[in-house]
Amino acid sequence: MKWEQVMGLEVHLQLATQTKIFSGAANRFGAEPNRQACAVDLGMPGMLPVVNELAVKYAVMFGLSIDAAIGKRSVFDRKNYFYPDSPKGYQISQFFEPIVGEGSFTIPMPDGSTFPIRITRAHLEEDAGKSVHDAFAGQTGIDLNRAGTPLLEIVTEPDFRTAEQAVAYLKALHSLVTTLGISDGNMAEGSMRCDINLSLRAEGSDELGTRTEIKNVNSFRFVERAIGVEAERQRDILEDGGRIVQETRLYDADNNETRSMRSKEVANDYRYFPEPDLLPIIIDETYIETLRATLPELPGPKRQRFVQHYALSDYDAALLASERTLAAYFEAVTASCGEAKLAANWILGDLSAALNREDIGINQCPVTPEALAGLILRIADNTLSSKLAKQVFEGLWRGQGSAEDIIEAQGLEQVSDSGVLEAMIDEVIANNPAQVVQYKAADEGKRKKLSGFFVGQIMKASKGQANPQLLSTLLIKKLDR
Amino acid sequence: MTHTDLCYASATTLSGMLDNRDLSAVELTEHCLARIKRFDSQLNSVITLTEEQALVAAQAADQRRAVGEATPLTGIPLLHKDIFCTAGVKTTCASRMLQEFKPPYDATVVAKLSAAGAVTLGKTNMDEFAMGASNETSFFGAVANPWDTTRVPGGSSGGSAAAVAAGFAPLSTGTDTGGSIRQPAALCGITGLKPTYGRISRLGIIAFASSLDQAGPMARSAEDAAMMLNAMCGVDSGDSTSADVSVPDFTASLNRPIAGLRIGLPREYFGGDLDPDLAAHIHKALSELEAEGAQLVDIDLPHTRQAIATYYVIAPAEASANLSRYDGVRFGHRCDNPVDLMDLYERSRSEGFGAEVQRRILVGTYALSAGFYDAYFKKAQQVRRVISDDFQRAFSQVDVIAGPTAPSIAFHHGEKAADPIAMYMEDVYTLSVNLAGLPGMSVPAGLINGMPIGLQLIGRAFDEQTLLRAGHFFQQRTDWHTQRPTLAGTSS
C-alpha cells in the first residue's frame, strides 16, 4: 500500500522582548541559573502577572504578516498542571480566545516553486523553567531563568505532506519572524521549538489517521530526520496490521529514533479557565492599522520585488529575501554598483561561502557592501577576470583595502592591451612550432581544443592577467593566418 | 484617659491627640502592645507580634509629627491580617504550609499604610488561606470572640475583628472574598468595609479567589474606616485588576446629609428564614436612617438564593489553581524525605494544608475538570452575571441596599465545624456582593443576648462614599459601635 504522510506543526517562538511576558525580569539567554527570575517568575505568594505590551504588539505584528484575523478581545487562561519547573502549578496561556486567529502563509520551496499552508491560530503564553538533571547527584535542580519568557505558539493545519515542506515552512517562518524582528529565531538556544503532529493514511484517503506528536525538535535537520524515522515507524506498525497509539514522542538525535515520552500517570486534564489576575486584551482598529503601517517589507513581497525589479531568478530572490540583513546587504551592494545579477552571484556564492567558513552572520561580515560593489565594478568593466576577482575578494576579506588598492598593490589588473598580448602570442607561437603545425592540420572541431594549449601558455606567462576574451580573439586571428 | 479608654479611643481622636502632643506614638504603641500581651491569651487573635519594629515605626512617626509631615494615620497603630505579605516578617496565612514563610516584599496595602505612617503591631489570626467563616480553620488555633470567648469571632478576618473589638488596635486590615471582612465585623461589633473590586491593589495579598478577593479597613467607626481607606486605595501598576478610577477623600464627604437617600430592602434578605429578633434589630436600625431623611424601598434581588452555589464553584475553582504553587519545591512546607516527585507533592500538600483548604481544592478541581466545566464553572460564571444584573437593576431604583450582615449572632466554637454547608450559609447575605464586585459595609446595629449584630449596607461600584456617609450618620445617632466587650481580668 502507498502511504501518505500528513503533518501539522506547532512552533513555540520566544519573543525578543527586553523583559518577560508577565514580569519585569530580564529576558535573555544564558544567565547563571535563577539569576534572572523575580518573585513573579518564582510564583511567590501574592505576586501578580502584568502583561508585557511589547509581547502583545509582537503577536499582532505576526498576525498581520500572515493576514490573520486579530482577536479584538483575547483572554489569558490558566493551564493547570504540576511540574517542578512550572512555578505556579499553572501556565498562563490563551486557550478559549487567542490573540491571532486563522491566517495563511506561502512557503517558497528550494526549487523556486511555492505552496500555501493554513495557520490555525497563534497565542501568547509563558515559557516554563528548566529541570536540570545533571548538576546535583541524585537530585534535580530547577532553573527558572526561562520561566516567563514570552512565547507565541503558532499552530498550523495538517497541510504538510513531506519533510521538505515542513523544513521549508520552518525556514520561511524563521525568515518572517527575524524580518519582523519579533524573535531572534535561534533554534539552538530554543528560541524556536517545533512540535510535529504526524499521521499516515492510505494514499487517496480523506480520513486522518491516528497521530503522534513529536515534541521539541530544535533544528531544521532534526525535523527532517524525525519525520523520516517516525513515518517509517508508523508505516511498519500499520503494515504489520498494528494500530498507532496517540501519544507524545521525543526525537532522540543520537540514535535517530523517536521514543514514547514517559507516560503520565493520569491523562492530562489541564482544567483551563480564564486567568482572573489579568483583564482581557482589547485591541482596536487604530492600533492594528498603526502597526500594519509600520510593518517592514516581508520576505514574500520582497522576493517578488527582487524578481521583478532586479530580474533575479526565483531561487536567488528567495534566498536573498529570506534574511532581512542579507537582503539589505544585497540592496546596498546593488545600489552602489548597479549590477544586481553579479551582486546576487557574489553574495550567494563567494561571500556566503566565506561567511559559512568563518561561521559568522552577514551582520559580522568584514566586507562592506561598498567594498564588494567596488570589486563588482572592476569585474563588470573587464578589469578583473573571475579568477583575479576571487583573489581580490580574498584581499577584501582580509582587510587589505578597497578593490582598487588590492589590484594596484598586487598588480592584478587584467592585461587588455592588444599590443602586449600580441607580443606574448607571437612568442608562444615561435616557441612551439610543432603545436602550430598540429593546429593548422586539424579540422574546425579539433582546432578549438588545440587552441587551449596556447591560451594556457599565455595565461601562465601573464600570471593569469591576460584578458581571456581579447586573448582568444587575437590568438585565433594569428593562428588562422 | 485610662489605659482602656485610650485603647478604645477612635483613630480620629488619637490622631488629634498625637497632633496636639497629648500623646506620643511611642506611648500609644506601648499601650496597645501591653494590652495585646495581657489579653490575647484569651483570644488568640494575633499570630505574630512585631514589637520591636512597631516601636521603631512609632519613634519615626513621632519625628514625622514633630517636623509637620504627618498624615492622619501617622503614629496610629494597626494590625495586618496575616494574608498581607510583610517584608521580613512571617506571613503564614494561618497555614502550616506557610508557617515559616517570610516574604521579601510588602503588599501594596502594607506599603501604603506604612508610608502614611501607620504603626504595624503585628499580624492577625485568620481562617487558613481565608477559607472559613469562624476562624476555626487556622493552623494556629481558633480565635475567640471578645464578647464571649466560647463563641467564634466569625471569619475569615476573625483575628482582625476580635483584636479591634478587644481594643488591641483602633484599626486592622482584612480581606473579603465572600464576607470575610463584613461577617466577623458584625459578629465582633465593629465596622468593616469591603470596597469595590479593583479599588485596592491585591498585589502582595496571598490569593484565595482572585476575582473576588478585596482588602478593606476594619475599625470601630465609619469615620475611622474612611480615614484608613484614604490611605489604602489607588490604581497599582502591579495589579492589572486594580481600577484606574479617581479616589475621593472619603473623610471629607462623611457629613454630607443623607436626606433623600433611597435605601433598598431586598425581600429575599428579609424573608421567612430571617431570625425575627435579628429582623427587628435591622428594622430598628433602618428607622434611624429613615429619621435622617432616607427613604426605604422594597426591592428584589431574585437570584440571591443562587449566590451560594455560584460562589462555592467559582471561589474554590480559582483557589484550586492559586494554591497549586504550594508544592514543596520553592517555599513553604516540604515533607521529609520524599521518595519521588509525586510523593513530594502529595505529602507536602497533605501535611501543609488543613481539611477545609483541601476540601475546597478538591471541589474547585472537580468543577474545572473535563466534562464538568460547562455544568459547573461555566454555568457559575453565567449565573454570576445574572446576579450582577440583579444589582444593576436594583441600583436603578435605589442608592444603597441594606439588610443583615450575617444570619445570626456568633455561634459557639465547634457548633458548625462539622457541617460545611451550615458554615457556608453564614455568608448568604455577603457573597453575592463579591460576585457582583460591589462595595459592602457592616456596622454594629444592636446586641442580641449580649452579642453584636451587624447592619450591612451595599453600594454601587466605587461608591464607598455613600456607604461611609450612611454608616457615619447611623453612628451619630446610635452608640452600638462604642459598646465594649468585657475581657476577663478587666473592670471595664
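Rules of the game
Residues numbered from 1 in each chain as written. Chains lettered and ligands numbered in written order. Predicted model: local features only at pLDDT ≥ 70, side-chain atom pairs only at ≥ 80, totals over all residues. Heavy atoms only, no water. Helix = DSSP H or I, 4+ residues; strand = E, 2+ residues; numbered from the N terminus. Rg over C-alpha atoms; globule rule 2.2 N^0.38 Å. Buried < 20%, exposed > 50% of the residue type's maximum accessible area, 1.4 Å probe, protein only. Contact = heavy atoms within 4.5 Å. Lys, Arg positive; Asp, Glu negative; His and termini not counted. Charge placed at Lys NZ, Arg CZ, Asp CG, Glu CD. Patch = residues over 30% accessible without salt bridge, like charges linked within 9 Å, V, L, I, M, F, W, Y side chains within 5 Å. Areas by Shrake-Rupley, 256 points an atom, 1.4 Å probe, with all protein chains shown as cover. Salt bridge = Lys/Arg side-chain N within 4 Å of Asp/Glu carboxyl O. 1 Å grid on protein atoms, 1.4 Å probe; cavity = no way out; pocket = protein on both sides within 12 Å on 5 of 7 lines; lining within 4 Å. Points joined across faces, edges and corners; volume = space filled by probe spheres on them. Nonpolar A, V, L, I, M, F, W, Y, C, P; charged D, E, K, R; others polar. Disulfide = S-S within 2.5 Å. Core = buried A, V, L, I, M, F, W, Y, C linked by side-chain atoms within 4.5 Å. Buried area = accessible area lost by both parts, 1.4 Å probe. Axes fitted to C-alpha atoms, helices over the stretch in contact; angles between N-to-C directions. Parallel < 35°, antiparallel > 145°, perpendicular 65-115°, else oblique. Domains from an automatic or database assignment. Polar contact = N/O pair within 3.5 Å; in protein donor to acceptor, adjacent residues only side chain to side chain.

1. What to know about the overall build of chain A
So, point 1. Each helix and strand in chain A was counted, giving 15 helices and 15 strands.
So, point 2. The C-alpha radius of gyration of chain A comes to 30 Å, more than 25% above the 23 Å expected for a compact globule of 481 residues.
So, point 3. On the principal axes, the C-alpha backbone points of chain A span a range of 95 × 55 × 50 Å.
So, point 4. Counting only residues that meet the buried cut, chain A has 49% of its 481 residues in that class.
So, point 5. By sequence separation, contacts in chain A at least 24 residues apart represent 69% of the contacts at least 6 residues apart.
So, point 6. Charged side chains of chain A number 51 positive and 67 negative; the gap between the two group centres comes to 3 Å.

2. Some remarks on a nonpolar patch on the surface
So, point 1. Side chains of Tyr366, Phe372 and Tyr376 of chain B sit close together on the surface and give an oily, nonpolar patch of about 270 Å² of accessible area.
So, point 2. Mapped onto the fold, Tyr376 of chain B is located in helix H13 (residues 374-394).

3. Quick look at the pattern of salt bridges
A side chain with one charge can pair with a side chain of the opposite charge if their charged atoms come near.
So, point 1. Following the criterion strictly, the structure yields 51 salt bridges over all chains and no others.
So, point 2. Of the charged contacts in the structure, one is a salt bridge between Glu394 of chain A and Arg398 of chain A, with a shortest N-O distance of 3.8 Å.
So, point 3. Residue class for Glu394 of chain A comes out partly exposed when judged on its relative accessible area of 26%.
So, point 4. Assessed through its relative accessible area of 55%, Arg398 of chain A is described here as exposed.
So, point 5. When the shortest N-O distance is used, the salt bridge between Lys284 of chain B and Glu288 of chain B registers 2.9 Å. Of this pair, Lys284 of chain B and Glu288 of chain B both sit in helix H9 (residues 276-291), 4 residues apart, roughly one helical turn.

4. Re empty space enclosed by the protein
Residues and elements named next belong to chain B.
So, point 1. In this structure the tally under the stated criterion is 3 cavities of 30 Å³ or more.
So, point 2. Approximately 210 Å³ is the volume attributed to the largest cavity.
So, point 3. Across the lining of the largest cavity, the residue classes tally to 12 nonpolar, 5 polar and 7 charged.
So, point 4. In this model, the second largest cavity occupies a volume close to 80 Å³.
So, point 5. At the level of secondary structure, the elements contributing two or more residues to the lining of the second largest cavity comprise helix H10 (306-322) and helix H14 (420-425).

5. Observations regarding the state of the cysteines
Residue and element names in this part refer to chain B.
So, point 1. Following the criterion strictly, the structure yields 0 disulfides over all chains and no others.
So, point 2. With no disulfide partner, Cys233 has as its closest neighbouring cysteine sulfur the one in Cys85, 20 Å distant.
So, point 3. Judged by its relative accessible area of 5%, Cys233 falls in the buried class.

6. With respect to the nonpolar core
So, point 1. Ranked by internal contacts, the top residues of the largest apolar core, which has 229 residues, are Tyr169 and Ile196 of chain A together with Phe129 and Phe391 of chain B.
So, point 2. Looking at this core element by element, the count peaks at 11 residues for helix H2 (residues 163-180) of chain A.
So, point 3. Aside from chain neighbours lying at most four places away, what touches Phe391 of chain B is Tyr269, Leu301, Ile401, Ser432, Val433, Ala436, Leu438 and Ile458 of chain B.
So, point 4. Among the nonpolar cores identified, the runner-up in size contains 40 residues, and Phe306, Leu320, Ile347 and Ile379 of chain A belong to it.

7. Observations concerning the side chain of Ser199 of chain A
So, point 1. Inspection of the secondary structure puts Ser199 of chain A in strand S10 (residues 192-202).
So, point 2. Setting aside anything within four residues of it in sequence, one finds Ser199 of chain A in contact with Glu4, Gln5, Val6, Gly209, Thr210, Arg211 and Gln234 of chain A.

8. Considering the interface of chain A and chain B
So, point 1. Listed as interface residues are 32 residues of chain A and, on the opposing side, 39 residues of chain B.
So, point 2. Taking both sides of the interface into account, the surface hidden between chain A and chain B amounts to around 2,800 Å²; carbon and sulfur atoms contribute 62%.
So, point 3. Asp277 of chain A is paired through a salt bridge with Arg202 of chain B; the nearest N and O atoms lie 3.0 Å apart.
So, point 4. For the side of chain A that touches chain B, the secondary structure elements donating two or more residues are strand S3 (77-80) and strand S14 (273-274) of chain A.
So, point 5. Across the side of chain A that touches chain B, the residue classes break down as 22 nonpolar, 4 polar and 6 charged.

9. Section: the packing of H9 of chain B against helix H16 (residues 464-477) of chain B
All names here are of chain B.
So, point 1. Their axes nearest at 10 Å, the elements H9 and H16 cross at an angle of 100°. By the criterion of interaxial angle, the relationship of H9 to H16 is roughly perpendicular. Counting all contacts with H9, which are made through Ala285, Glu288, Leu289 and Ala291, the residues of H16 involved are Ala470, Phe474 and Arg477.
So, point 2. Looking at the contact of H9 with H16 residue by residue, the class counts come to 5 nonpolar, no polar and 2 charged.

10. Focus: the domain arrangement of chain A
Residue and element names in this part refer to chain A.
So, point 1. In terms of domains, chain A is made up of domain 1 (3-290), domain 2 (297-410) and domain 3 (418-480).
So, point 2. For domain 1 versus domain 2, the distance between C-alpha centres works out to 36 Å.
So, point 3. Listed as interface residues are 12 residues of domain 1 and, on the opposing side, 11 residues of domain 2.
So, point 4. Interface area for domain 1 against domain 2, summed over the two sides, is near 820 Å², with a carbon-plus-sulfur share of 60%.
So, point 5. When the buried surface of domain 1 facing domain 2 is broken down by residue, Pro108, Ser175 and Thr179 rank first, second and third, together holding 49% of it.
So, point 6. Counting every contact that joins domain 1 to domain 2 gives 2 residue pairs in polar contact (both at pLDDT 80 or more).

11. Focus: helix H6 (residues 314-321) of chain A
Side chains three or four residues apart in an α-helix point the same way, a direct result of the helix having 3.6 residues per turn.
So, point 1. For H6 of chain A, every residue scored as buried is listed here: Asp316, Ala317, Ala318, Leu320 and Ala321 of chain A.
So, point 2. Buried residues in H6 of chain A make contact with strand S5 (103-108), H2, helix H5 (299-310), helix H7 (324-337) and helix H8 (340-358) of chain A.

12. Brief notes about unusual backbone geometry
So, point 1. Across the junction of Gly155 of chain B and Ser156 of chain B, the peptide omega takes the value 5°, indicating a cis bond.
So, point 2. Along the chain, Ser156 of chain B falls in the loop between strand S3 (119-124) and helix H6 (158-165).
So, point 3. The phi torsion at Asp359 of chain A lies on the positive side, around 55°, for a residue other than glycine.
So, point 4. With respect to the helices and strands, Asp359 of chain A occurs in the loop between H8 and helix H9 (369-380).
So, point 5. When its relative accessible area of 70% is taken as the criterion, Asp359 of chain A is described as exposed.

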